[in-house]
Amino acid sequence: MIMGMLLYMMILMGSLPLLSSVMEEKTQRIAEVMLGSVKPFEFMMGKLLGGVAVSLTGAAVYVLGGTLTVKFLGVADKVPFEVVPWFFAFLAGAIFMYGSIYSALGASCNDPKDVQSMTIPAMLPIIVAMFLMFPIIENSQTTFATVASLIPFFTPMLMVVRIASPYGAPLYQQWLGLFGVVSFAILFVWIGGRIFRVGILMAGAPKFKNLIKWAIKG
């Protein structure tokens, strides 16, 4: 549960602020100045890499602090340290996956009201994953747990919880889940880059049909 909640917190810390920060840079005309020096995709990737760096740094501090604490308390043998590499791998993939979506949505917004209307729908997959985490903690070997943990939007949190559980998760499912997250991250970075390229210079309230059109036509 601790690993799942830490991953939830780090995903929000690293990706959600991209929505409002991109919108602010757009409305304050900072983005237009930046686009005179870099391409839109490079601009978006810089934001994503910054989000990944923030999340990995924060997670490293918490994991290191937690490791020192359990060793001091003498309960290190009860902690599944083998989940730590998977934790960081899924965290990086999740930031790229969600961060590209949030960056693209931020590029389509023109004021804080637009951001507020986009925040809840954007957070919905992460919130759903958090609620699914609790029945999976109780039993990580059910068909429901296996299927849910292989859905890329939910995989980062749910697969880490399954790996950390006493029964664990089969190794092939761990790699399959990571492959799904990486694949969706690449896909959404590509789609987000196409939306970002158009939306960052467009005015008007964001509409879902426009986002679809920008994603298809670029």
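To be clear, the structure that these remarks concern was listed above.
Draft legend 1. Focus on the overall build of the protein. When helices and strands are tallied, the protein shows ten helices and zero strands. Reading the helices (α) and strands (β) of the protein from amino to carboxyl end gives α-α-α-α-α-α-α-α-α-α. Taken over the C-alpha trace, the protein has a radius of gyration of 18 Å; the compact-globule value for 218 residues is 17 Å, and the two agree within 12%. With respect to the principal axes defined by its C-alpha atoms, the protein has extents near 55 × 35 × 25 Å. Counting the 218 residues in the protein, one finds 47% classified as buried.

Draft legend 2. Spatial organisation of the packing of aromatic side chains. Tallying each qualifying case throughout the model produces eight aromatic pairs. A centroid spacing of 6.0 Å and a plane angle of 75° characterise the contact between Phe153 and Phe184, whose relative ring orientation is edge-to-face. Here Phe153, found in the loop between α7 (143–149) and α8 (155–164), pairs with Phe184, found in helix α9 (residues 171–199); they are 31 residues apart in sequence, far enough to count as distant. Here the aromatic cluster, defined as three or more aromatic residues joined through ring pairs, consists of Tyr98, Tyr102, Phe153, Phe184 and Phe188.

Draft legend 3. Here's a closer look at the environment of Gly168. Take Gly168: it is sitting in the loop between α8 and α9. On a C-alpha basis, the gap between Gly168 and Glu138 in space is 12 Å, while along the polypeptide they are 30 residues apart. Excluding its chain neighbours within four sequence positions, the residues that come into contact with Gly168 are Ser140, Gln141, Arg162 and Ile163.

Draft legend 4. Seen up close, a nonpolar patch on the surface. Nonpolar side chains collect at one region of the surface, where Met1, Met5, Phe134 and Ile137 lie side by side and expose about 330 Å² of accessible area between them. Accessibility expressed as a relative area gives 30% for Ile137, which makes it partly exposed.

Draft legend 5. Representation of the nonpolar core in the model. Counting 64 residues, the largest nonpolar core has Ile11, Leu19, Phe87, Phe90, Leu91, Ile126 and Met157 as the members making the most contacts within it. Leave out the neighbours within four places in its chain, and Ile11 touches Leu16, Leu91, Ala94, Ile95, Tyr98, Ile126 and Met157.

Draft legend 6. Spatial organisation of the packing of helix α2 (residues 17–27) against helix α6 (residues 112–138). Packing of α2 against α6 leaves a shortest axis separation of 10 Å and a crossing angle of 160°. By the angle between their directions, the pair α2 and α6 is classed as roughly antiparallel. Crossing of α2 against α6: the hand is right-handed. Contacts between α2 and α6 involve Leu19, Ser20 and Met23 from the former and Pro112, Val115, Met118 and Ala122 from the latter. For the contact of α2 with α6, a count of residues per class yields six nonpolar, one polar and no charged.

Draft legend 7. Local environment of helix α4 (residues 40–73). The end-to-end C-alpha separation of α4 is 50 Å, in line with the 50 Å expected for 34 residues at 1.5 Å each. Every buried residue of α4 is accounted for by Phe43, Met44, Lys47, Leu48, Gly51, Val52, Ser55, Gly58, Ala59, Val63, Thr67 and Val70.

Draft legend 8. Quick peek at the side chain of Lys47. Mapped onto the elements of the fold, Lys47 is located in helix α4. Classification of Lys47 as buried rests on a relative accessible area of 16%. Those residues in contact with Lys47 that lie beyond four places of it in its chain are Leu18, Ser21, Val22 and Glu25.

Draft legend 9. Representation of α8 within the structure. Taking burial as the measure, the ten residues of α8 include nine buried ones, the bulk of the element. Within α8, the full set of buried residues consists of Thr155, Pro156, Met157, Leu158, Met159, Val160, Val161, Arg162 and Ile163. Turning to α8, the residues buried within the fold contact α1 (2–15), α5 (83–108), α6, α7 and α9.

Draft legend 10. Just the packing of α8 against α9, in detail. One can describe the packing of α8 onto α9 by two numbers: an axis separation of 10 Å at closest approach and a directional angle of 165°. As judged from the angle between their axes, α8 and α9 are roughly antiparallel. Once α8 is placed against α9, the crossing between them reads as left-handed. Residues Thr155, Pro156, Met159, Arg162 and Ile163 of α8 form the contact with α9, whose own contacting residues are Gln173, Gln174, Gly177 and Val181. Residues that form the contact of α8 with α9 fall into these classes: four nonpolar, four polar and one charged.

Draft legend 11. Summary view of the side chain of Ser149. For Ser149, the location among the structural elements is in helix α7. Given a relative accessible area of 0%, Ser149 falls into the buried group. In terms of polar contacts, Ser149 uses its side chain to reach the backbone carbonyl oxygen of Thr146, at 3.0 Å. Beyond its immediate sequence surroundings of up to four residues, Ser149 is in contact with Thr155, Leu158, Met159 and Arg162.

Cut-offs and rules
- Residues numbered from 1 in each chain as written.
- Predicted model: local features only at pLDDT ≥ 70, side-chain atom pairs only at ≥ 80, totals over all residues.
- Heavy atoms only, no water.
- Helix = DSSP H or I, 4+ residues; strand = E, 2+ residues; numbered from the N terminus.
- Rg over C-alpha atoms; globule rule 2.2 N^0.38 Å.
- Buried < 20%, exposed > 50% of the residue type's maximum accessible area, 1.4 Å probe, protein only.
- Phe/Tyr/Trp six-rings, centres within 6.5 Å; stacked < 30°, edge-to-face > 60°.
- Contact = heavy atoms within 4.5 Å.
- Patch = residues over 30% accessible without salt bridge, like charges linked within 9 Å, V, L, I, M, F, W, Y side chains within 5 Å.
- Areas by Shrake-Rupley, 256 points an atom, 1.4 Å probe, with all protein chains shown as cover.
- Salt bridge = Lys/Arg side-chain N within 4 Å of Asp/Glu carboxyl O.
- Core = buried A, V, L, I, M, F, W, Y, C linked by side-chain atoms within 4.5 Å.
- Axes fitted to C-alpha atoms, helices over the stretch in contact; angles between N-to-C directions.
- Parallel < 35°, antiparallel > 145°, perpendicular 65-115°, else oblique.
- Left-handed = near helix turned anticlockwise from the far one by under 90°.
- Nonpolar A, V, L, I, M, F, W, Y, C, P; charged D, E, K, R; others polar.
- Expected span 1.5 Å × (residues − 1).
- Polar contact = N/O pair within 3.5 Å; in protein donor to acceptor, adjacent residues only side chain to side chain.

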